[in-house]
Amino acid sequence: MSVAISSVDVESTVAAVARRCLRSGHSFDLDTPFALLGLDSLGTIEMAAALEEAIGCELPAELVLECGNGLGLASRIAELQATTPASTVHDPFDQMFLDAVLPGDVRPVGPVAASTDLRHSRRILLTGATGFLGSALLEELLATSNAEVVCLVRGSLPPTRDRVRVIAGNLSHPHLGLEESALATMSTDIDAIVHCGAAVNWVYSYSALRAANVLGTVELLRLACRRNIPFHFISSLSVCYSSRGPGTADEHYDPLPHLRGVQLGYAQTKVIAEALVAEAARRGLATRIYRPSLISGESAGSAYNRDDLISTLIRGCVQMGSAPDLDWKLDCEPVDAVARAIVRLSADEGPVFHLGHEKPRHWRECALWMRMYGYPVRLVPYHTWLRQLGRETAPSAEGSSTHPLRPLRTFFLDRHRDSHGLTLPELYEDGRRTRAEGSMTQRLREGHDVLSPSLDATLLDCYFTAFRAKGDLPSPPLNRVGRCSAEGSLRLTPDLLTRVLNRPVSHVRLLDAGSDHSIVGELTAWRSKRPAGLFRMHVDIEDGTTIDLRLKVKAEDADVVAVGESLANLLDRELGDAYARWSHCIGFAASHHREIAIYQQSDARFTRHAPALLGSVADDHSRTWVLALENLRNATLLDSAGRPGLWTPENIATAIDGLAALQGIWHGREADLRAQPWIGSVQTAGRMGEMTELWSALARHAAPAFSAWADPEIGTLQQKLITSVRDWWSDLEAPPRTLIHNDFNPRNVCIRGRRLCAYDWELATLGAPQHDLAEFLCFVLSPGASAGEVQHWMEHHRSALERETGTAIDREQWRRGFRACVYDLMVNRLPTYALVHRVRRQAFLPRVLQTWRRLYELFPLEQG
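Residues numbered from 1 in each chain as written. Predicted model: local features only at pLDDT ≥ 70, side-chain atom pairs only at ≥ 80, totals over all residues. Heavy atoms only, no water.

J.: So what's going on with the sheet that holds strand β16 (residues 505–513)? Residues and values would help.
T.: Here we have 5 strands laid out as an open sheet, ordered β16-β17-β18-β20-β19, and antiparallel in their pairing. Bordering the open sheet on either side are β16 and β19 (613–619), each of which pairs with just one other strand. Taking each pair of neighbouring strands and ignoring which way they run, the sheet shows an average axis angle of 25°. In this sheet, strand β18 (residues 546–553) lies alongside strand β17 (residues 533–541) in antiparallel orientation, the contact comprising 8 bridges. Its bridge partner being in β18, H538 is matched across the sheet by D548. (Pairing = 2+ DSSP bridges. Helix = DSSP H or I, 4+ residues; strand = E, 2+ residues; numbered from the N terminus. Axes fitted to C-alpha atoms, helices over the stretch in contact; angles between N-to-C directions.)

Written out as structure tokens, the structure reads:
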């Protein structure tokens, strides 16, 4: 409980807060006008919020604006304290809990409505119709119902339209700013209320938003209860984001008990408003609550809200040339998709719906997208970014008044009470707050066919194009916007499938597309303006047969390299420079030709252990590289990298036997393999030594995560391996060498009919056969694997390869080669996974790293 402070203390408190808001360490006269001190309107908002926290009581939001200088402000605060009973000076949450009590006279009168389906309503009262979501809801209601929509708006009235009636009112005023006669008429005329109106602000305190967002909800509930009118409340998924809540929150989650962990004033008002709506429901009112996530621009990209968090943050990051490294899930949906879902879901029982995206993206993916688009943005530690933001948005900084993030300065910079020194964005990181879950709503949306549009590169391209068209973003200086081929865009049409299958195709039905873990495929597709990745489809042949297949559309190697280079540059300048210098040596060269050529092999050992090739096209002129593969049926352990327990000893043995068969095809034919035009760059010990700048940069990037997951000293271990790479890598140049898969793990292999099936051959190269084994064991063995277990599988592989090739393989040479392969995984493969993990989580990586650490214990680097 706070207590009143003396007038002298008030003056010193005002002076201290003013200095902090001005970011000035110098003293100043309290009688100097705020305007002369550079305190603009946004600065006054910051000051009011800071004074509330420092003094411990609510202050009118407009107080600082009304007082011209520090003396006047201190005097006014003293007056308020003198006239305010001591019992009302309280913890701000006390007022919130008091507000959560619905007045006793707000009780529904009359029978419950037969339906809450907005599409069947006759006349609907809509608040917030001039807002971004509200205007989309208005369009959806007009398009899907025959209702007249009565819009309660404040300020100037918009032009009237057919079936739209406008009434001037104000959510923050008693009785909505309406006369009793108007309220009485409205209560008899309308048969549904959609309450979308709210004061949305990422900086204002609860007290500043209370009148519109909480008291306005009470007034609307009072109106609804006059005739038991169905009440549809648009809340926010942010009510679930409590730092003191459970791990997950589904549609049954009650946010009120966890209110003290909700720090955002806007979210606090929604928690209280939801409590009021829920109490009205308990009293008999038909209610629905919709909790949307962040709302982005239209699906087509033409309309967006330039002042929302996402748009503002993107514009700010582009201007700053940096993005904060925050562990944020970017959970957002296009505004038209949200509006469509709300109207369809209104027919369902609910009563609460979570309108989060089924597959949210990570904030770092958005930062990578900025880089791919051509903006020289780098991901930097959050507090480094905060210091830059503080400098650039300070009132005294040149151009600070027009900085896109100036309105959000306090949102990012202020450290909230009881938050252990964390800022609000840090409190919103994954793992620090309750995670919202909406599987029930998702099932209902599937039934209504109102699924979320993919948050992919194509949608982001629409948004960025709109930003540029309206002057909110400059042209990208790196000029890396995707390139189109002169022959036009590749389309997945019957003509293309006819060409690939060499059979007349009449119709193509696309069933699903892509892979959730392939950010490279998604971005290469965007960069080339052509589809890339894996597409499952049913293809109808003119003779009446239908083929169930997977069409793999290959990206050109240059596009794959460009994505990797953008990612490296996003994370670290030195890493980006090293990646660019050595990108021709890291396995992507000729990858678009290599996989097609490998699938065209007719050797029975290959066809038994890989998906059947149904057809292919490799045409450099039209930049078309496509494979049609059988759709794997009756296969087990597909994409099982996150389920190592499924790999029983029997399954591991089956995989290793199949691996030996595949490796036997090119065993002893190294010269023939090198002569293949598709083989690409073949690594050597000498070149590995030349590339130490890249390996060191990758190690520096990966070391913090690797140290946390497996071993605090792993960074030192990595550097020892890199320093001695020429010595131990020479063991990988000794025979026997063959064509290795080079990405042999449960992401790319499965078991079918008691036989291995290996796919995704784009990284295949000439190398030591133990490489595939070492990588596979990192994925399927536990971090506690015994020495005998590892030795057993090494010997199993060696013996199987001897049988396949009819040649003897020296045990000691095999052991030394396996040891070197373990080292090689730490130098280039695992740190590359860590690179991707920064923008798209690779859930398997911590455990794989721990198993690698166990293998290294068994095969340590020899000293001297």
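Moving on from the model shown.
J.: Quick rundown of the packing of aromatic side chains? Include the residues and the values.
T.: Under the definition given, this model contains 29 aromatic pairs. Summarising the aromatic geometry, the rings of Y290 and F353 are spaced 5.3 Å apart at their centres and angled 15° between planes, so their arrangement reads as stacked. With Y290 in strand β7 (residues 287–292) and F353 in strand β12 (residues 352–355), this residue pair connects regions lying 63 residues apart in the sequence. Ring centres 5.0 Å apart and planes at 80° place the aromatic pair F411 and F412 in the edge-to-face group. Overall, F411 belongs to the buried group, its relative accessible area being 2%. Ring pairs connect the aromatic residues Y304, W369, Y373, Y375, F464, F467 and W526, which therefore count as one cluster. It is R433 that lies over the ring of Y241; its NZ or CZ is 4.0 Å from the centre. A cation sits over an aromatic face here: R669 above W666, 4.1 Å from the ring centre. (Phe/Tyr/Trp six-rings, centres within 6.5 Å; stacked < 30°, edge-to-face > 60°. Buried < 20%, exposed > 50% of the residue type's maximum accessible area, 1.4 Å probe, protein only. Lys NZ or Arg CZ within 6 Å of the ring centre and 35° of its normal.)

J.: So what about unusual backbone geometry? Which residues, and what values?
T.: For the bond from G350 to P351, the omega torsion is 5°, close enough to zero to count as cis. As for its position among the elements, P351 is in the loop between α11 (335–345) and β12. The omega torsion of the bond from P735 to P736 falls at 5°, within 30 degrees of zero and hence cis. Relative to the helices and strands, P736 is located in the loop between α29 (725–729) and β22 (738–740). We note that R163 has phi near 65°; this positive angle belongs to a residue other than glycine. Looking at the element boundaries, R163 is found in the loop between β2 (148–153) and β3 (164–168).

J.: Which residues make up helix α7 (residues 180–189), and what values go with them?
T.: If you check which residues of α7 are buried, you get L183, M186 and S187. For α7, the angular spread of the buried residues around the axis is 100°, confining them to a single face. Among the structural elements, β1 (123–127), β3 and α8 (206–225) are those in contact with the buried residues of α7. (Arc of directions from axis to C-beta. Contact = heavy atoms within 4.5 Å.)

J.: Please provide a residue-by-residue account of the pattern of salt bridges, values included.
T.: Under the defined criterion, the tally for this structure stands at 59 salt bridges. R509 is paired through a salt bridge with D540; the nearest N and O atoms lie 2.7 Å apart. Remark: D540 occurs in strand β17 and R509 occurs in strand β16; sequence separation between them is 31 residues. You can call R509 partly exposed: its relative accessible area is 31%. D540 sits in the buried class, given a relative accessible area of 15%. (Salt bridge = Lys/Arg side-chain N within 4 Å of Asp/Glu carboxyl O.)

J.: Describe the sheet that holds strand β24 (residues 756–758), with residues and values.
T.: Spatially, 3 strands are ordered β21-β23-β24 in an open sheet, and the strand pairing comes out antiparallel. What marks the edges here is a single partner per strand, and that holds for β21 (635–636) and β24. Where helix α24 (residues 649–664) meets the sheet, it contacts β23 (749–752) and β24, and its direction lies at approximately 60° from that of β24.

J.: Let's hear about the packing of α8 against helix α9 (residues 265–282): which residues, and what values?
T.: In contact at an axis separation of 9 Å, α8 and α9 are set at 20° when each is read in the N-to-C sense. The angle between α8 and α9 falls in the class roughly parallel. Handedness of the crossing formed by α8 with α9: right-handed. On α9, the residues that touch Y206, L209, R210, N213, V214, T217, V218 and L221 of α8 are G265, Y266, Q268, T269, I272, A273, L276, V277 and A280. Taken together, the residues of the contact of α8 with α9 break down into 11 nonpolar, 5 polar and 1 charged. (Parallel < 35°, antiparallel > 145°, perpendicular 65-115°, else oblique. Left-handed = near helix turned anticlockwise from the far one by under 90°. Nonpolar A, V, L, I, M, F, W, Y, C, P; charged D, E, K, R; others polar.)

J.: Please set out the nonpolar core residue by residue, giving values where relevant.
T.: Grouped together as the largest cluster of nonpolar side chains are 208 residues, with contacts concentrated most on W385, F412, F464, L721 and W852. Here this core gets 14 residues from one element, more than from any other, and that element is helix α32 (residues 811–837). When sequence neighbours within four positions are dropped, the list of residues in contact with F464 reads I314, W369, M370, Y373, Y375 and L473. One finds I124, L133, L138 and V450 within the second-largest nonpolar core, a separate group that totals 32 residues. (Core = buried A, V, L, I, M, F, W, Y, C linked by side-chain atoms within 4.5 Å.)

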